[in-house]
Amino acid sequence: MREEVREREFRAFAEARQAQLRRSAYLLCGDWHQAQDLVQITLMKLYAAWGRVRKDGNVDGYARTILTRTFIDQHRRRRWREEPLTELTDPPSTGPETPELRLVMRSALMRLPPRYRAVLVLRYWEDWSVEQTAEALRVSTGTVKSQSARGLARLRELVGDLAEETSRR
């Protein structure tokens, strides 16, 4: 009986949060298929720790931490054979911004190093605090602050460059 309750609780969480986790994963990796794989790995790891995590009460935070760490770990392992993306697919519409702006922002985000991308996604997309981000990435709060500042500065440069390229076409 206890296992059935655990199973039901986990299934309810996974069904309710899967789309949100997938959007976050997409922002990290830039590919919907890889994002789905990251979410599945995250959910498997979360299920393995479900009893402990559920008691702690911050299941969403734990899931995002697993997702981010899994992305960074996978990127470290594949770095030597990865090729930059040349084409990105459109995600489902999430707001009133123009499609052009979404494409420019997504393209710029994908050009950032994975660590900057992870910090920016957690801090500004997921709206995590500096402390939560530092804990998830296993770095100091000072590192999160400096990587946020550098990542945002680089993102601004990239957006400007991409906007210029787009306007010239």
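- The chain appears in an unreviewed UniProt entry as SigE family RNA polymerase sigma factor from Streptantibioticus parmotrematis.
- UniProt, in the comment section headed Sequence similarities (unreviewed entry), describes the chain in these words: "Belongs to the sigma-70 factor family. ECF subfamily."

### Quick look at the nonpolar core
Okay, step 1: Within the largest apolar cluster, 45 residues are counted, with the highest numbers of intra-cluster contacts made by Leu43, Leu46, Leu67 and Leu112.
Okay, step 2: Those elements that place two or more of their residues in this core are α1 (2-29), α2 (32-48), α3 (50-56), α4 (59-78), α5 (99-111), α6 (114-125), α7 (130-137) and α8 (141-168).
Okay, step 3: Considering each element in turn, this core owes the most residues, 9 residues, to α1.
Okay, step 4: Residues in contact with Leu112, not counting those within four places in the same chain, are Arg117, Leu120, Gly151, Arg154, Leu155 and Leu158.

### Observations concerning unusual backbone geometry
Okay, step 1: The phi dihedral of Asp127 is positive, around 60 degrees, even though this residue is not glycine.
Okay, step 2: Structurally, Asp127 can be placed in the loop between α6 and α7.
Okay, step 3: Look at Arg138: it is not a glycine, yet its phi comes out positive at around 60 degrees.
Okay, step 4: Checked against the element boundaries, Arg138 lands in the loop between α7 and α8.

About the criteria used
Residues numbered from 1 in each chain as written. Predicted model: local features only at pLDDT ≥ 70, side-chain atom pairs only at ≥ 80, totals over all residues. Heavy atoms only, no water. UniProt positions renumbered as here; feature names shortened; annotations may be inferred. Core = buried A, V, L, I, M, F, W, Y, C linked by side-chain atoms within 4.5 Å. Buried < 20%, exposed > 50% of the residue type's maximum accessible area, 1.4 Å probe, protein only. Helix = DSSP H or I, 4+ residues; strand = E, 2+ residues; numbered from the N terminus. Contact = heavy atoms within 4.5 Å.

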